Amino acid sequence: MTGKTSQVNRRRALRMLGLGAAAATTAAGGAGLVAAQSGAQGAAAKPLSGKVAIVTGARANMGRAFSEALAKMGADIVVHYHRADTRSQAEETANLVRAAGQRAVLVQGDLGDVAVVREMYGAAERAFGGVDIVVNNAGAIIKKPLADFTDAEFDQLDRVNNRGLFYSLREAARHVRPGGRIINNGTSLLAGAAPGYAIYAGTKAPVEEYTRMLAKELGDKRITVNAIAPGPVNTPFFHSQENERSTAYAAGLSTEGRLGEVEDIVPLVEFLASPDSQWTNGQTLWVNGGYLVR
Ligand SMILES: NC(=O)c1ccc[n+]([C@@H]2O[C@H](COP(=O)([O-])OP(=O)(O)OC[C@H]3O[C@@H](n4cnc5c(N)ncnc54)[C@H](OP(=O)(O)O)[C@@H]3O)[C@@H](O)[C@H]2O)c1
C-alpha cells in the first residue's frame, strides 16, 4: 500500500467513526497538522478551521452564500464587493460570517483594476496572515446580439469576467498557501449556445481554460483549481436580462422544470473548498439540474 493510499484509507475509516477532516489529517501524521489544530481550539470538527478565504462579488446572492457557507466550515473571510454604494449589503454578508463564529474584512473595488485585486490579497495577509481559498465569483452580464454590442459594453464584461479573473488568479498563484483551493464561477452556457449570450459566454470562456492550465501549474503545491458552471440561477443577475417567457424556457430545460436556487450551488463550493476534494482538480463542474450537459 502506498503512503497516499494508506492516508486515504485512514481518512475514510475516521470518517466512518464520525471524526472530521482535521482528525483525519492529524492521524495521517503530517507536520503542518499540529499548526492547523493549535489555532482552532474546540473547532476540530470544522473542516476549514484555521483557513482563510477570499470571496469576490460577495455583497449578495451566490457570493454571500459562499461566504457564509465557508465561514460555517471554519474559514475567516475576505468579503469583496464592487460598488461603494453597496457597502451595507457587504456588511450584511460580513455579519453572517461573524454569526458563524469567524472573522470578516471588507474590500471594495473594481476587479479590473489590478491595485484593487492586490489590495484584496494584501487584506487577507494583514488581517488573517495569508490565504488558502479563493472563490472568484464576481461577474457581469449583458444579453444582446453581438452586432449591437458597444465597445464600452464589451469592456464592462471583459473587465471582470476575464481581466479581473486573470489578475486574481495571478495573485492566487503567487500567494495561496500549499493545499489551497481556487474555485472559479463560470457558466453552463459554455456547454451550449444561446442567442444574445455570445459576449457573456465568450468573456466567461477563459474561466475553463485558466482553470485547466493553472491546475497543472499549481499541482505540486497540492493547490487545486476548479470551475463551477451553474445554469440559470434565480438571482437578479439572471432576471435582469430575461423576461417571463425566456425565464420559463430556461427553467424548462432543466430536468425539474425550474431555475436553480443559490442553495443548489452552495454544496459544490463547500465540497471543492474541503479537504475531501483533493483529487478533483482542473475540472469544470456543471451544476444546473440537467439544463445543459457535456
Ligand atoms: N445567476 C445566474 O443565473 C448565473 C448562472 C451562471 C453563472 N453565474 C455567475 O455567478 C456569479 C455570481 O452571480 P449572481 O447571480 O450571484 O449575481 P451577483 O450577486 O450580481 O454577482 C455578481 C457580482 O459581481 C460583481 N461585479 C460586477 N462587475 C464587477 C467588477 N468590475 N469588479 C468587481 N466586481 C464586479 C457584482 O457587483 P455589483 O453588483 O456591485 O456590480 C456582483 O457582486 C457571476 O460570476 C455569474 O456570472 C450566474
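Owing to the predicted nature of the structure, the values given are computational and were not obtained by experimental measurement.

**Student:** Got a minute to help me understand the site of the ligand in this structure?
**Tutor:** As a structural note, the neighbourhood of the ligand is formed by 28 residues, with Gly-57, Asn-61, His-82, Gly-139 and Phe-237 the closest of them. Listed by contribution, the elements that provide at least two residues to the shell around the ligand are α4 (61-72), α7 (151-175) and α9 (236-239). Among the residues making up the shell around the ligand, the classes are represented as 12 nonpolar, 12 polar and four charged.

**Student:** What am I meant to see in the environment of Glu-263 here?
**Tutor:** Note that Glu-263 resides in helix α11 (residues 262-273). Placed 202 residues apart in sequence, Glu-263 and Asn-61 show a C-alpha to C-alpha distance of 9.8 Å.

**Student:** Sorry, what's going on with the nonpolar core here?
**Tutor:** Buried together is how nonpolar side chains tend to be arranged in soluble globular proteins. One finds Ala-53, Leu-70, Ala-75, Ile-77, Val-79 and Val-269 to be the most contacted residues of the largest nonpolar core, which totals 66 residues. For this core, the element with the highest residue contribution is helix α8 (residues 198-218), accounting for seven residues. Leaving out residues up to four positions away in the same chain, Ala-75 has contacts with Leu-48, Lys-51, Val-52, Ala-53, Leu-70, Gln-102 and Ile-133.

**Student:** What exactly am I supposed to notice about the pairing of strand β1 (residues 52-55) here?
**Tutor:** Each regular strand shows side chains that alternate between the opposite faces of the sheet. Neither face of β1 is left uncovered, since the one carrying Val-52 and Ile-54 and the one carrying Ala-53 and Val-55 both have all their residues buried. Pairing of β1 with strand β2 (residues 76-81), which is carried by four bridges, proceeds in the parallel orientation. When the bridges of β2 are listed, Val-52 appears paired with Asp-76. In this view, the connection linking β1 to its parallel neighbour β2 by way of α4 has right-handed handedness. Alignment of β1 against strand β4 (residues 131-136), held across three bridges, turns out to be parallel.

**Student:** Would you explain unusual backbone geometry in this entry?
**Tutor:** What is expected of a backbone is that most residues other than glycine have negative phi and most peptide bonds are trans. With a phi angle near 55°, Asn-61 is a residue other than glycine that sits in the positive phi range. Following the sequence through the fold, Asn-61 ends up in helix α4. One non-glycine residue, Arg-222, lies in the positive phi region at around 60°. Given 13 C-beta atoms within 10 Å, Arg-222 falls into the partly exposed group.

**Student:** Would you mind going over the packing of helix α6 (residues 114-128) against α7 with me for this structure?
**Tutor:** Any two packed helices are characterised by the angle at which their axes cross and by the distance between the axes. Relative orientation of the contacting elements α6 and α7 amounts to 35°, with a least axis distance of 9 Å. Note that α6 runs across α7; the crossing there is right-handed. Every residue of α7 that contacts α6 at Val-114, Val-117, Arg-118 and Tyr-121 is listed here: Gly-164, Tyr-167, Ser-168, Glu-171 and His-175. Within the contact of α6 with α7, the residues separate by chemical class into four nonpolar, three polar and two charged.

Basis of the calculations
- Residues numbered from 1 in each chain as written.
- Predicted model: local features only at pLDDT ≥ 70, side-chain atom pairs only at ≥ 80, totals over all residues.
- Near = placed C-beta within 6 Å.
- Helix = DSSP H or I, 4+ residues; strand = E, 2+ residues; numbered from the N terminus.
- Nonpolar A, V, L, I, M, F, W, Y, C, P; charged D, E, K, R; others polar.
- Core = buried A, V, L, I, M, F, W, Y, C linked by C-beta atoms within 7 Å.
- Buried ≥ 20, exposed ≤ 12 C-beta atoms within 10 Å, placed from the backbone.
- Contact = placed C-beta atoms within 7 Å.
- Pairing = 2+ DSSP bridges.
- Right-handed = clockwise from strand over helix to strand, strands pointing away.
- Axes fitted to C-alpha atoms, helices over the stretch in contact; angles between N-to-C directions.
- Left-handed = near helix turned anticlockwise from the far one by under 90°.

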